[in-house]
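# Observations on chain architecture
The residues making up each chain are set out below.
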Amino acid sequence: MSKLWKDSYSLEIIEIDNQHKELFRIFEELLIAMSKGKGNEIVLKTLNNLENYAQMHFGVEEKYMQKFGFEQFQDHFEAHQYFYQKIAELKKAYQENNLTVAKELMDFLNKWVGKHICGTDALYKDLFIQNNVI
Ligand SMILES: [Fe+2]
Ligand SMILES: [Fe+2]
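Note that the structure is a prediction, hence the values are computed from the model and not measured.

## Observations concerning the overall build of the chain
- Within the chain one finds five helices and zero strands.
- Element order for the chain, N to C, with α for helix and β for strand: α-α-α-α-α.
- Scaling as 2.2 N^0.38, a compact globule of 134 residues should have a C-alpha radius of gyration of about 14 Å, and the chain matches this with 15 Å.
- Considered along the principal axes of its C-alpha atoms, the chain spans approximately 45 × 30 × 20 Å.
- Across the 134 residues that make up the chain, the buried fraction comes to 43%.
- Expressed as a percentage of contacts within the chain between residues at least 6 apart in sequence, the contacts between residues at least 24 apart total 73%.
- Here the chain displays about 7500 Å² of accessible surface, and carbon together with sulfur accounts for 50% of that area.
- Taking the average place of the 16 positive charges on the side chains of the chain and the average place of its 20 negative ones, the gap between the two points comes to 6 Å.

## Description of the coordination of the iron ion (ligand 2)
- On the protein side, the iron ion (ligand 2) has Glu 61 (OE), His 76 (NE2), His 80 (NE2), His 116 (NE2) and Asp 121 (OD) as donor atoms, found 2.0 to 2.2 Å from it.
- When the donors of the iron ion (ligand 2) are listed by position in the chain, the intervening gaps give E-x14-H-x3-H-x35-H-x4-D.
- The distance between the iron ion (ligand 2) and the iron ion (ligand 1) comes to 3.5 Å, with Glu 61 serving as a donor to both metals. Here His 76, found in helix 3 (residues 73-95), pairs with His 116, found in helix 4 (residues 101-120); they are 40 residues apart in sequence, far enough to count as distant.
- On the basis of relative accessible area, His 76 is assigned to the buried category, the value being 1%.
- His 116 sits in the buried class, given a relative accessible area of 3%.

## Things to note about the pattern of salt bridges
- A full pass over the atoms with the stated rule returns six salt bridges.
- As a salt-bridge pair, Glu 12 and Lys 125 come within 3.1 Å of each other at their nearest N and O atoms. Of the two residues, Glu 12 is situated in the segment before helix 1 (14-35) and Lys 125 in helix 5 (residues 125-130); the sequence distance between them amounts to 113 residues.
- The class for Glu 12 is exposed, based on a relative accessible area of 57%.
- A salt bridge links Lys 45 to Glu 29; the shortest N-O distance between them is 3.6 Å. Of this pair, Lys 45 sits in helix 2 (residues 39-67) while Glu 29 sits in helix 1; the two residues are 16 residues apart in sequence, bridging distant segments of the chain.
- On the basis of relative accessibility, which here comes to 25%, the residue Glu 29 falls in the partly exposed class.

Reading the values: the criteria
Residues numbered from 1 in each chain as written. Chains lettered and ligands numbered in written order. Predicted model: local features only at pLDDT ≥ 70, side-chain atom pairs only at ≥ 80, totals over all residues. Heavy atoms only, no water. Helix = DSSP H or I, 4+ residues; strand = E, 2+ residues; numbered from the N terminus. Rg over C-alpha atoms; globule rule 2.2 N^0.38 Å. Buried < 20%, exposed > 50% of the residue type's maximum accessible area, 1.4 Å probe, protein only. Contact = heavy atoms within 4.5 Å. Areas by Shrake-Rupley, 256 points an atom, 1.4 Å probe, with all protein chains shown as cover. Lys, Arg positive; Asp, Glu negative; His and termini not counted. Charge placed at Lys NZ, Arg CZ, Asp CG, Glu CD. Donors = N, O, S within 2.8 Å, 3.2 Å for Na, K, Ca; no water. Salt bridge = Lys/Arg side-chain N within 4 Å of Asp/Glu carboxyl O.

Rendered as structure tokens:
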């Protein structure tokens, strides 16, 4: 398991936690490469992995939110759209030979963990648990 994962990130929903752990695994891979000065070599692969990850994970969250009539669905959906948009922007920057993409992606993921996983995602926790998502 990724060393970046902390129990305080848990929403106490195994299915969701396991998916979030996958984000930390992808993130850790980037950080390890960056620490060896190889961030630029891995960043495109990381962006592609994040795109695939987002399609799977956001799809699951959005499916449950809609099924259970989550009131803040629209805000949450828009936050997910912002993630896709950011990944697309960073991909474009990489293709334009911007050498700061790995660092920008690292900063973005750090903020995403704090604001989205620990903030926005935590808002649906009780509703999902009440509806027996485990
Ligand atoms: Fe999430
Ligand atoms: Fe989310």
